[in-house]
Each structure stands twice: as C-alpha cells, then as structure tokens.
Amino acid sequence: MKRILASAVLTLALGTAATAEAGQTLDNIKSKGVLTCGVNDKTAGFGAADSAGKYAGLDIDVCRAVATAILGSPDKIKFVPLSAPQRFTALQSGEVDILSRNTTWTLGREAQLGLLFGPTVFYDGQGFLVKKSANIKSAKQLSGATVCVQPGTTTELNLADYFRANKLELKPVVIENLDEVENAFFTGRCDAYTTDSSGLASTRVSKAPKPDDYVILPELISKEPLAPAVRQGDDQFYDIMRWSVFALLQAEEKGITSKNVDAMLKSDDPDIKRFLGVTEGNGKSLGVDEKWAYNIIKNVGNYGEIFERNVGKGSPLKLERGLNDLWTTGGLMYAPPAR
Amino acid sequence: MATATTMLPASGSNGLQRFGLWARANLFNSVGNSIITVLFGALALWVAWSIFKWGVIDAVFVAPNMRACQTAGTGACWAFVGEKWRFILFGRYPYEEQWRTAIVLVLLFGMTGASFVPKLWRRETAYAWVAVLIISGVLMWGGVLGLVPVESDLWSGLPLTMILSLLSMIFGFILAVFLALGRRSNLPVVKLICTAFIEIMRGVPLITILFMASLMLPLFLPPGFSVSKVLRALIAITMFLAAYQAEDIRAGLMALPKGQFEAADALGLSYWRKTKSIVLPQAITIVIPPLVGNLIGNFKNTSLVSIISLLDLMNTTQVALVDPNWRGLTSEAYLFLGAIYFVACFAMSRYSQWLEVLLNKGKRR
C-alpha cells in the first residue's frame, strides 16, 4: 500500500515538475543568487547542525562546492532539511535545486523518478560490528548468531538476503530506535549489529564503552554509493554539479589544497593551469567563471580535506578512507580529465 | 508517637499525627495491606533515590563532551543541556541574532500571561495583542529598522513552537466559532460546507494533513511560487484545531436552553446581535474545559511538524542528539524537553480549572 501511494505521489511529481522546470534551474539559481540545497540534518558527519545551528558535513560541503562554482561563494546557499519521505518530492517540485542527502544511487531512482545522480561522493555498504572477544573473523561465521538491525530500510532485507544466499541461520533482533538498537548490542543482547559501515564506525567510536573491544567485519553485503542528485531537464546545471564534485577529486589527486591553492596558480603543470583557470577554457565550456575550480578549492577544500574534517581523522567519527580513497591509492575515487 | 495512638482520631492537632492516623486507617489496616504498603513504600523510595542519585549526586554538570562526562561520573550528563540549550531553544536562527527571538519569546509569554488575568479582558488587550504580533513579526523576519533579514525557514525551537501554537489558537478559535455557527445554520449550503469541513478534518490524522501541506501542495503550485513551510504547517494545524474546537463550541450551543434563543428573538435582536451578546458568551463558558483540553493537545501536536522537517522544539532536540560528541544522551535531552512541555501544559490546565470556577460562580448551587 505504502509503495502504491508513494509511486502515485511520485508520478504526480514527475508529471508536473518535468514540464514546468525544464532548463530553468540554472537561470533560477543565478537570478535568485542562491542555491537551494536539500540536506539531512540528522546524520553526523554528512549533514548535521552544530551547537550554533550551522550545518556541517560531507553532503553539506558538496552543496557548498556547487554553490561556489555557480555563484562564487560557499555561503550563497539555502539549506532545506528534508526527511527521507520528503526528499524526492522536494527535488521534483522545485523546492530544492539539488539533493545532497546521503542518498543511494539506484536505477529506479534515476530512471523512474526522473533524477540525475552526480558522481558518488561516498561509497558506503552494509557491514557487521562484533565483539573482538567473540573471535569472529568473517561474516560467514555468523550462522546462528543474533543480529541487531533496524527495521523498515533495505538494511533488514539485505541482511536476510545475505544469510539466505550463504545458507546461514539468522536470528534477527529488530529494534526501531537507533539508540535502543545500539544499546541492545553493547549490553550483549545481540552478537552482531548491522547497518551501513559508516554508521557502524561512528557507533563504535561514539557509543562503545571501549571502542577497541569491537571490530567491523571485512565483508560489505550491499553497495550504497551515496551521490548528490538533480532533476532531469537542465543538463547544463547537471554538468556543473558533476564537475564541481570531480574538481574536488581532481584537486586531491594533483595535491592542491585550500592552503596551497594560491601557490599552485604559479605551477607549470598544464593540467593544473587549465584546472585553476590560469589557462582559460574550462569555465567557458561549463558556463561558469574561469576561476570556478580555484574558488571551490580555496573555499571548500579538496575531497581529502572534506573527508578528513567531516568523517575522517579530524572528526569524531574517525572513518578510514577505504573505498573512498583515490584510485591512485587503492580506492574508487576517480575523476575524468578536466580539459 | 506513643501518645498519639491514645488520642481520638479527629483531634489530631498537627499534620504528622493526622497523617499517622490516616495511614493506619488506610495503609496498615490489615496484615496483607501492611506488607503491601511496606514493600511498595520501599520500592517507591528506592526508585526515587535512584533517580535522585542519577540526576543530582552522580550527575556531571560541566564537561567538554560525552566521553568526559562518562569518566567524570556515572549519572546524568547535564553538561549536554549546558552545551545545547541554545540550539534546543532557538535552533537554526542565526546565532548572533538570537536575542531577537528571545525578546519575541518574552513578549509572547508575557502577553499570554496577561491575557490570563480576567481584569485585562478588555478591548485594549486585543489591540496590545495585535501590536505584540506585529512587533514579533518584525523581530522574527527583520529586514527593517536595520535588522538583518531572517527567512522563516530558519525559525526554530521554542519560538517556532510558540508561534505555531499561539497563531493556530487565535485563528483556529475564530474559524471554529464560524464553523460551529455554520453547522447549526438554517442555510443548507453553509451547513453542508461547514459539516463537510469539520468531518473531513476530524476524520484524518493531523500528520496526514501536514504531509499533504508539505509534500502535495508544492506539486500543484506554479514553479517559482512557493509558500513557506512554516505557513503551510500553520494553516494545516489551524484547520485541524478549528474542526475540533468547532465541535466543542457546537456542544456549548446545543447545551444552551432554548429559552435563551427565544428570549433574544422576542427582543427583536438580529442574528449577529443575538449570537454575539446572548448565545456565544454563554455557550463558550460552558465548554471551557474541552476547549482548553484541545489547546493543550494542540500545543503538544505542534511537535508533529518535526515530521516535515520543521525545526520545532522537538526536532531541535533530536538534531542536538546526533552530535557525535554528545551521542546517547537521550534521557537528559528528553527530560529537558519534557520539562518545558510539562510546565506549559500544566500551567494551562491549572488555569482552566481556576477559570472554570471563576466563570461558573453564578451557576453553582
């Protein structure tokens, strides 16, 4: 029933929004002088408010990068907090210009809902957290184990699929509330706790009595590429969004940071010259200022800086780079040439 | 206490003696009851002591983060409230401008308190309300008098909760009076419209109406034309409250003796004159308890707007809780939140009891 309703709502959304907004998103943003960005306000590291009410997080910084590319400033931005059921209709109806809200890129969402996803900004996947003392080395050893899981998301379904596919016996303990499910695991109610690995890492660091007593198993049982999305119909805006994210990766690959970007302007590397707009051309092709990439890196930082300050070593979450490292250092982050 | 037992029950002169006698008559009047009293008394004491120990003795009042709290003490971590109270109360409203929302809060609370005093039920108070609402609007929005403009999307915390409850209360009540009169009207079209509105609103949960207002409405509006989320939520809550209050008022109208209507007609009063001077004052007095019950419910209902991502008091608390430096302090956060809601609701409830006695003085026999 829920699904029928949801698709009815979304079909409506598609019908009205697609015709009305075609090609106008970028013009609207420029004429208003502000980028409206749909975000999450309840996921630490990706989108959350600090004690002074300012939003911070990886998804927030992606929005800032796009705003900087188009409008030249990371502050010409209006954040709209969205709940999970609101997010796609908000994008479709034009309430937000871009959705940067730890959203998994899937075929259904892209084709059926009329969205376009940008490059993946975080590769996540469902994993397991267990006690070190239990001496479990692989998820395949979890047969018969009680597993704490939150209901209602794909997490629960992935868990059941994985156990069935590997012919393991599953005893799920399903608890709705995040705090309760974590407490249940740490008080020994379950042998393992499963959710996205970024969530596991933050749980381990912030909630475990002694973080070192717990390990995350190596298997990831699902693919959760989190990416920003825009609605179909304005390809130029989509290109700018895409290349704003690629710029973050490109800068890290070339060793350009917010601190050394001014010095890099004098670099002899033709790639860097083109990238930072010393050699003109890229900005004109995209329809933005020639200094677009320079402005992004100067104001927001490269991908490595964003990662470390929001979810990595410089944050309370302490996530490893893992899949989110550059392709040159064993990860999946890869930007096409900016020329 | 040996002497106390020899005294006659009614002559217990001090409170302790009277309590002793009452306890013996009610709590220790048989062996079974005595055992139950002792057991449950001990349990109650133990629970009270544990809460006190957790909340006060073992509690940590100053700490830089949750981990420091845990090492400093095993009890409550009130340092969390110390760190986050401003966010919980004022949310995303720009930090440097929060004095403006603080003034709005004081104005709104002061005005609400003043309106509670029967001596101030005068036309001037209504004018003062209009003035306060205009001043509040200026302070909240800014953009004039050198105040930095603040979009309504950034209104949050207690000011948002207060604005939503107060405005829905005011507009909802006015709408409710007309709906109630309309439903009792002799004009068939008016009656049909009012009845349909009331029944539809009462037949749907508030959360559905909020979702409609936040998800469906933007799809039907022309692009570029948007109604702020706060306004959408306010309209939804107002309509919902109005439907319920209309039914309360209708009950008051029906409870009014027919003679009152007939007497007014016999005097040749017009419909509006009759309604304003004879019918409504009496009808509304009768239904004060359910009306206040609705208002209390409405105040708490505003917390549902957190579902559509409006940062009301409830939602700012939830957002404050996701800070990784302060994870897992749900008990402290919700106790703080609960205390705010309790004070407001308890005050309203006591006031309505007092008001009821005051207004019914003439009717008591």
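Refer to the structure presented above.
Anyway, here's the lowdown on the structure attached to this text. Bear in mind the structure is a predicted one, so any value in this text is a computation, not a measurement.

A few points about the packing of aromatic side chains
Next up, step 1: A full pass over the atoms with the stated rule returns 25 aromatic pairs over all chains.
Next up, step 2: Ring plane angle 85° and centroid distance 5.7 Å describe the contact between Y55 of chain A and F79 of chain A, whose orientation is recorded as edge-to-face. Note that Y55 of chain A is positioned in strand β4 (residues 55-56) and F79 of chain A in strand β5 (residues 77-81), a separation of 24 residues in sequence.
Next up, step 3: Assessed through its relative accessible area of 7%, Y55 of chain A is described here as buried.
Next up, step 4: Look at F80 of chain B and W326 of chain B: their rings are 6.0 Å apart centre to centre, the planes differ by 55°, and that puts the pair in the tilted class. Pair noted here: F80 of chain B is in helix α5 (residues 79-90) and W326 of chain B is in the loop between α15 (313-321) and α16 (330-359), with a separation of 246 residues, a long-range link.

Some thoughts on the environment of N302 of chain A
Next up, step 1: Secondary-structure assignment places N302 of chain A in the loop between α13 (292-299) and α14 (303-310).
Next up, step 2: Placed 36 residues apart in sequence, N302 of chain A and A338 of chain A show a C-alpha to C-alpha distance of 15 Å.

Looking at a nonpolar patch on the surface
Residue and element names in this part refer to chain B.
Next up, step 1: Side chains of V31, I35, I36, L39, F40, L43, W46, V47 and I51 sit close together on the surface and give an oily, nonpolar patch of about 970 Å² of accessible area.
Next up, step 2: In this fold, L39 is placed in helix α3 (residues 31-57).
Next up, step 3: According to the relative accessible area criterion, L39 is exposed, its value standing at 55%.

Things to note about the environment of E199 of chain B
Next up, step 1: Summarising the element assignment, E199 of chain B is placed in helix α9 (residues 188-202).
Next up, step 2: Side-chain polar atoms of E199 of chain B contact the side chain of R183 of chain B, separated by 3.0 Å.

A short note on the sheet that holds β4 of chain A
All names here are of chain A.
Next up, step 1: An order of β2-β3-β4 is seen for the three strands of this open sheet, with the pairing classed as antiparallel. Looking along the sheet, the strands with just one partner apiece sit at the ends: β2 (42-43) and β4.
Next up, step 2: Inspection of the sheet shows β2 paired to strand β3 (residues 47-49) by two bridges, in the antiparallel sense. From the neighbouring strand, T43 faces β3, where its bridge partner is G47.

Rules of the game
- Residues numbered from 1 in each chain as written.
- Chains lettered and ligands numbered in written order.
- Predicted model: local features only at pLDDT ≥ 70, side-chain atom pairs only at ≥ 80, totals over all residues.
- Heavy atoms only, no water.
- Phe/Tyr/Trp six-rings, centres within 6.5 Å; stacked < 30°, edge-to-face > 60°.
- Helix = DSSP H or I, 4+ residues; strand = E, 2+ residues; numbered from the N terminus.
- Buried < 20%, exposed > 50% of the residue type's maximum accessible area, 1.4 Å probe, protein only.
- Patch = residues over 30% accessible without salt bridge, like charges linked within 9 Å, V, L, I, M, F, W, Y side chains within 5 Å.
- Areas by Shrake-Rupley, 256 points an atom, 1.4 Å probe, with all protein chains shown as cover.
- Salt bridge = Lys/Arg side-chain N within 4 Å of Asp/Glu carboxyl O.
- Polar contact = N/O pair within 3.5 Å; in protein donor to acceptor, adjacent residues only side chain to side chain.
- Pairing = 2+ DSSP bridges.

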